[in-house]
Every structure is written in C-alpha cells, then in structure tokens.
There are 2 protein chains.
Amino acid sequence: MDTSKRPETMKRITTKALADEFIAAEVSKIQETVGDKKVLLALSGGVDSSVVAALLIKAIGKQLISVHVNHGLMRKGESEQVIEVFKNQLNANLIYVDATDRYLEKLRGVSDPERKRKIIGEEFIRIFEEEARGLEGIEFLAQGTIYPDILESIKQAEGKKAVKSHHNVGGLPEDLQFALVEPIKLLFKDEVRVVGEALGLPHAMVYRQPFPGPGLGVRCLGAITRDRLEALREADAILRDEFDKCGLGEKVWQYFVVIPDIKSVGVKDESRYEGWPAIIRAVNTTDAMSATIEEIPYTVLHKITARITSEVEGINRVLYDLTPKPTGTIEWE
Amino acid sequence: MDTSKRPETMKRITTKALADEFIAAEVSKIQETVGDKKVLLALSGGVDSSVVAALLIKAIGKQLISVHVNHGLMRKGESEQVIEVFKNQLNANLIYVDATDRYLEKLRGVSDPERKRKIIGEEFIRIFEEEARGLEGIEFLAQGTIYPDILESIKQAEGKKAVKSHHNVGGLPEDLQFALVEPIKLLFKDEVRVVGEALGLPHAMVYRQPFPGPGLGVRCLGAITRDRLEALREADAILRDEFDKCGLGEKVWQYFVVIPDIKSVGVKDESRYEGWPAIIRAVNTTDAMSATIEEIPYTVLHKITARITSEVEGINRVLYDLTPKPTGTIEWE
C-alpha cells in the first residue's frame with residue numbers, strides 16, 4: 001500500500017471528535033514505530049511543525065527533541081511564543097538556537113533575492129546538522145509534511161513547472177539520514193488546524209497566517225541590515241496589531257509589511273528626517289495563483305500610518321500596495 | 001514709491017471685469033516702458049510665465065521673444081501645449097529648445113537630490129544664456145514673479161528660514177542683465193488665474209497644478225534613466241487622466257506619480273516580470289506646511305492600477321502614499 005496516498009474513504013477532519021480520533025490513532029502509531037528511541041524535529045513555529053511537535057509530545061514526551069532556530073528573521077514575538085508554548089506550557093525537550101548574528105553576518109551585502117533565499121536555507125541545514133551531531137541515540141526525524149506538499153511533489157515529478165521549492169530538511173548529509181516520521185502527511189491545511197486546536201495549541205499559533213521560510217528576509221528588500229530589519233519587524237507588528245483590533249486579522253488571507261532599501265525626505269519634530277517607506281501588503285486569494293487586495297478602510301490606514309511613522313525608528317512614510325496578482329506577486333522578492 | 005509693495009487700496013481681482021481693467025492698464029504700461037525694443041521671456045508653460053507671455057503678446061506682439069526649454073522632465077504633452085497655445089494660437093515669437101539629451105547626459109548617474117536640482121537649474125541658465133546671446137536688440141527680461149514670491153523674499157531677507165529657493169533667471173552673467181518687466185508681481189495666485197482666463201488662455205493651463213521647477217526630475221528618484229523617466233511620464237499622464245474623468249482633478253490640490261529606483265518580482269502574461277513600482281501621491285493643503293492625503297475611492301485606485309500596470313512598460317506595481325505632511329513631505333526628494 002502506498003502510504004503517501006490519502007485513502008478515498010478518509011473523512012475530512014472538521015470536528016473536534018474527528019480530530020481526537022485522528023490524534024489517538026496517530027499517537028498509537030508513533031509509539032509503536034518509535035518505541036524508546038529519540039525523534040528530532042525542526043520546529044519553526046509554523047502551523048505544521050507546531051502540530052507535529054504537539055502530537056509527538058503527546059505520544060512520546062521528552063523522547064522528542066525539538067530544535068528551534070531563530071534566524072533573526074522571525075516576526076516580532078514568534079520565537080518567544082515557541083518557547084512559551086512548547087518549553088513552558090508543554091514541557092518539551094526544546095533546543096533554542098539564537099542564530100541571528102550568524103545569519104546577518106552571512107547575509108551582509110547580499111542583495112540578490114535568490115542568493116538570499118539560498119543562504120537562509122543552507123544556513124538552516126548547517127545549524128540543524130550541528131545540533132543533530134551533538135545529540136545521541138536519534139533514530140527518527142519528524143517532519144511537518146502535509147498533503148498539499150505531497151501533491152505538489154507529484155506534480156513536479158510529472159514535469160510540471162515548479163512554483164517554489166519546499167523548505168524541509170532534505171539537505172542533511174548522508175550519515176544524518178534518519179527514518180522519517182510524518183504524522184500529518186495525509187492532512188489538508190484546514191484539518192491540520194482542527195487537529196492543532198484539539199491538541200490544545202493556541203488559536204493564534206494554529207491560525208497563524210502563512211509565513212515564508214526565509215521569513216522577514218524576503219520582506220527586508222535587497223541587502224539586509226540590522227536597523228532596517230528591526231524597523232520592518234516593528235512596523236509589521238503594528239500592522240498585525242491594528243488588523244486584529246479592527247477584525248481584519250481574521251478576514252484577510254495574508255498581510256505584512258515590506259521595506260525597500262530606499263529613503264526619502266520627510267519631516268519629524270519640525271526637522272528634516274530621512275527615512276524608509278513601509279509598504280503594506282494585504283491580499284485575499286482562494287488558490288494563491290491570483291489575488292486581490294483588501295479594501296482597507298481609510299480610518300484604519302490613517303491609524304496604521306500614524307503609528308508606524310511615529311513609533312518606528314527610521315520610517316517616515318507608509319504606502320499601500322494596490323497591485324493584484326497578476327501583475328504583482330504576493331511577496332516582493 | 002516702492003513698486004514692490006501692493007497698495008492697500010488695490011482690489012482683489014476676482015472677476016473678468018476687474019481682470020480686463022488690470023490687463024488694459026498693464027498693456028499701456030508695458031507699451032510705454034518697452035517702446036519698440038525687444039523683451040525676452042523664459043516660458044516654462046507654468047501658470048505665471050504663461051500669463052506674462054499672453055499679457056506681453058497682447059501689448060507688444062512679436063517684440064516678445066519667448067524661449068521654451070524642454071528639459072525632458074516635462075509632464076506628458078506639456079511642451080506640445082506650449083507650442084500649440086503660443087506658437088499656433090497666439091502667433092508668438094517662440095524659440096523652442098529640445099534639450100532632453102543634454103539634460104539626461106548631465107544627469108546620468110547623479111543620484112543625490114540636491115546635485116540633481118542644482119544641475120537642472122544651472123543647465124537651464126546655460127541654455128537660456130546661449131539663446132539670449134544669439135539674439136540682438138534685447139533690452140528687457142520679463143519674469144513671472146508674483147506677490148507671494150516677493151513676500152517670501154522679504155521673509156528670507158529678514159533672516160527667516162528659507163523653505164525652497166525660487167526658480168528664476170537670477171543666475172545670468174552680468175553682461176546679460178536686462179531691465180526687468182514683471183507685470184504680475186503684485187498679484188496673488190488666484191488673481192493670476194483670473195487674469196489668465198481673461199487673456200484667453202486654456203483653462204487647463206491656467207489651473208494647472210503646481211509643478212516643481214526640476215519637473216519629473218525629482219519624481220524619478222535617484223539617478224535618472226531614460227526608460228524609467230518615460231515610464232514615470234506615462235504613469236503620471238494616466239493618473240491625471242483618471243483624476244480628470246472622476247472629478248478628482250479639480251478637487252485635489254496636488255497629485256502625481258513617483259518612481260523609485262527599485263524593482264520587484266511580478267507576473268505579466270503568465271511570465272515572471274520584474275518592474276518598478278509607481279507610487280501615487282495625492283494631497284490637499286491650505287498652507288503647504290501641512291498636508292493630508294486624499295481618500296481616493298478604491299474603484300478609482302483599482303482602475304488607475306489596472307491601467308498603469310497594463311499600459312506602462314516597466315511597471316508591475318502601483319502603491320498609494322498614505323503619509324500626511326508631516327511626517328512625509330509632499331515631494332519625495
């Protein structure tokens with residue numbers, strides 16, 4: 001039997017009862033497979049890896065070793081949330097690596113988006129490898145593969161145009177190839193969320209909007225600098241906060257801030273103030289192939305603009321990206 | 001008597017009748033002053049120089065020699081309008097200089113805004129000087145000085161902070177210092193417009209929104225290139241066209257497009273398409289010291305975005321600048 005094919009008889013998990021049933025079955029399977037061995041997991045804090053972590057913690061407790069690499073390109077408060085939920089609340093065996101300096105050093109002066117993505121991906125593999133080598137008795141590697149990833153791989157294998165390569169731990173050297181544990185690989189995204197909530201994960205973590213693997217790195221356009229990255233993180237947090245306050249956070253599919261590497265003249269406290277513009281992107285899509293912008297009310301736009309320009313060091317303008325996809329892509333690079 | 005001080009008894013020119021009275025008086029004065037001599041005028045196509053040109057043509061006909069320098073940084077159709085109105089309709093003695101190549105050559109690779117402004121201003125003086133030297137019998141120089149310019153100069157002379165230096169022909173060498181003819185120097189802007197309409201100038205020319213001396217040069221951010229400048233001109237023309245169609249053209253104080261020197265990824269005709277973003281600026285102000293943005297309806301924004309991204313080569317995104325002044329200035333550089 002092909003275990004990578006979702007059986008046609010499998011019910012869509014839409015309720016807590018169905019989720020609990022799935023969880024119970026997977027917990028048994030994991031316990032049977034893993035026994036008393038150890039499992040390693042790269043825990044990004046995204047929905048998929050978080051649900052896998054919670055599932056494994058339920059099944060094998062501290063036999064799961066989760067590694068969270070903070071590449072310095074996380075959104076505000078995200079690494080802190082991973083620590084709070086997994087270490088403090090779920091008592092997980094969590095290794096936290098603050099690799100901010102290391103990433104920013106590697107990325108210094110690199111402005112080409114493809115090079116940036118490559119460095120961010122490769123550096124992650126190197127750090128994960130270093131951590132894995134320091135551990136003993138690991139026999140399994142858990143991954144947050146979900147069913148759309150599998151469908152996408154099949155499509156790619158069939159020679160169709162690849163849209164974007166997946167961010168997984170596929171680049172590990174041969175002597176670090178473990179047996180895979182992929183407990184949610186037959187689930188669709190909406191099912192992953194239902195399972196996540198049934199496992200007791202916070203709503204905000206489970207319904208977190210999609211976030212690219214390279215994180216804020218592809219939203220801090222061109223060559224990343226620490227000050228501009230920090231401005232981006234703060235501006236993005238204000239956008240999310242204001243969207244949550246007015247109900248847009250639940251409504252809009254994806255929204256974030258982008259900061260290009262240009263400055264313009266402006267005025268703060270009656271003096272000339274050169275700053276970067278913060279660009280707001282807020283789009284809705286059903287298939288990610290096309291997208292429309294959210295018609296954010298001007299009252300909300302004025303409030304966000306006032307907060308970002310007054311609270312964030314280095315920013316003097318706020319712009320709203322009006323471009324649907326096509327002709328714009330959702331991300332800027 | 002100080003001829004640079006508006007008499008307290010002078011009535012505000014608000015009607016055609018008052019304008020006609022003013023015109024008749026100035027025509028006599030000009031004829032008396034100039035006699036059969038020649039007058040030179042730098043005709044930018046802005047409201048002030050256009051009204052001065054029309055007034056002088058009425059008074060002395062072909063004794064006025066107008067020089068229109070197209071620095072390649074004009075908005076779409078502007079130099080053409082100057083030729084149409086003055087050469088074709090008013091039968092003016094007009095020298096048209098297409099200095100586009102010369103300006104773009106001088107500006108190549110120059111990204112500093114102050115340097116750009118300086119080059120644009122100085123080059124104008126050089127070209128005007130060259131034209132003036134080729135002419136004989138010129139004894140007068142006409143200028144579109146208006147009363148706010150005089151008030152501003154007095155303020156500056158009193159040691160107050162200069163906001164922006166005026167764009168006039170003050171840089172000419174000593175042997176080219178003519179006697180000045182400044183027929184509208186006691187008028188406020190609204191009066192200049194009433195006089196302009198009474199002189200038969202087109203409404204669009206007389207109510208043209210303020211346009212900086214360096215033209216599109218300060219809206220094609222950073223180092224100007226021919227292709228990006230052309231994209232800016234086209235995008236700006238679309239914005240003006242759509243604003244006129246929906247009535248915003250008469251309502252909004254100043255509106256224009258800015259194109260920064262950055263590209264982002266996008267999609268056109270199902271292929272990857274890297275392009276510049278076009279930034280829309282549309283502000284209202286009463287005193288130019290502070291400004292608010294116009295709340296352009298989304299229906300209009302969608303239409304402008306669709307037209308710019310589909311009609312303009314090189315542009316794949318449209319952004320709306322949400323920043324009031326402060327913290328943004330009206331122009332970007």
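Residues numbered from 1 in each chain as written. Chains lettered and ligands numbered in written order. Predicted model: local features only at pLDDT ≥ 70, side-chain atom pairs only at ≥ 80, totals over all residues. Heavy atoms only, no water.

**Considerations on the relation of the copies chain A and chain B**
Item 1. The two copies are related by a screw motion: chain A maps onto chain B through a turn of 180 degrees and a shift of 0.0 Å along the axis, at an RMSD of 0.1 Å. Interpreted geometrically, this transformation is the action of a two-fold axis. It is Tyr 320 of chain A whose C-alpha, among those of chain A, lies nearest the rotation axis, at 2.6 Å. (Least-squares fit on C-alpha atoms with pLDDT ≥ 70 in both.)

**Digging into the pattern of salt bridges**
Two side chains carrying opposite charge are able to pair once their charged atoms lie near each other.
Residue and element names in this part refer to chain B.
Item 1. Tallied over the entire structure, the rule returns 64 salt bridges over all chains.
Item 2. Residue Glu 230 is joined to Arg 233 by a salt bridge in which the shortest nitrogen-to-oxygen separation is 3.5 Å. A residue pair is termed a helical-turn pair when its members lie 3 or 4 positions apart in one helix, as Glu 230 and Arg 233 do in helix H9 (residues 226–246) at three residues.
Item 3. Taking the relative accessible area as the measure of exposure, Arg 233 reaches 14% and is therefore buried. (Salt bridge = Lys/Arg side-chain N within 4 Å of Asp/Glu carboxyl O. Helix = DSSP H or I, 4+ residues; strand = E, 2+ residues; numbered from the N terminus. Buried < 20%, exposed > 50% of the residue type's maximum accessible area, 1.4 Å probe, protein only.)

**Details of the sheet that holds strand S12 (residues 327–328) of chain B**
Item 1. Overall, antiparallel pairing links the three strands, which are arranged S8(A)-S7(A)-S12(B) in an open sheet. Each edge of the open sheet is held by one strand with a lone partner, namely strand S8 (271–272) of chain A together with S12 of chain B. (Pairing = 2+ DSSP bridges.)

**Some thoughts on the environment of Asn 88 of chain B**
All names here are of chain B.
Item 1. Topologically, Asn 88 is positioned in helix H3 (residues 78–89).
Item 2. Asn 88 sits in the exposed class, given a relative accessible area of 51%.
Item 3. Each C-alpha atom of the pair Asn 88 and Ala 179 lies 29 Å from the other, and the pair is 91 residues apart in sequence.
Item 4. Within polar-contact distance, the side chain of Asn 88 engages the side chain of Glu 84 at 2.9 Å. (Polar contact = N/O pair within 3.5 Å; in protein donor to acceptor, adjacent residues only side chain to side chain.)

**Examining the interface of chain A and chain B**
Item 1. Counting residues at the interface gives 38 residues for chain A, matched by 38 residues for chain B.
Item 2. Contact with chain B buries surface across chain A, with Tyr 298, Leu 322 and Trp 332 of chain A losing the most and accounting together for 23% of the total.
Item 3. Linking chain A with chain B are two salt bridges, by the criterion used here.
Item 4. Among the ionic pairs, Arg 317 of chain B bridges to Asp 321 of chain A, the shortest N-O distance being 2.8 Å.
Item 5. Applying the counting criterion to the chain A and chain B interface returns 23 residue pairs in polar contact (both at pLDDT 80 or more). (Contact = heavy atoms within 4.5 Å. Buried area = accessible area lost by both parts, 1.4 Å probe.)

**Side note on the packing of aromatic side chains**
Item 1. Per the stated rule, a full pass over the model turns up seven aromatic pairs over all chains.
Item 2. Ring centres 4.7 Å apart and planes at 35 degrees place the aromatic pair Phe 243 of chain B and Tyr 255 of chain B in the tilted group. Here Phe 243 of chain B, found in helix H9, pairs with Tyr 255 of chain B, found in strand S6 (residues 254–258); they are 12 residues apart in sequence, far enough to count as distant. Tyr 255 of chain B shares its class with Phe 243 of chain B; the two are buried.
Item 3. Above the ring of Phe 256 of chain A, the side-chain terminus of Arg 219 of chain A is found at 3.7 Å from the ring centroid.
Item 4. The ring of Phe 211 of chain B carries Arg 75 of chain B above its face, with NZ or CZ at 3.9 Å from the centroid. (Phe/Tyr/Trp six-rings, centres within 6.5 Å; stacked < 30°, edge-to-face > 60°. Lys NZ or Arg CZ within 6 Å of the ring centre and 35° of its normal.)

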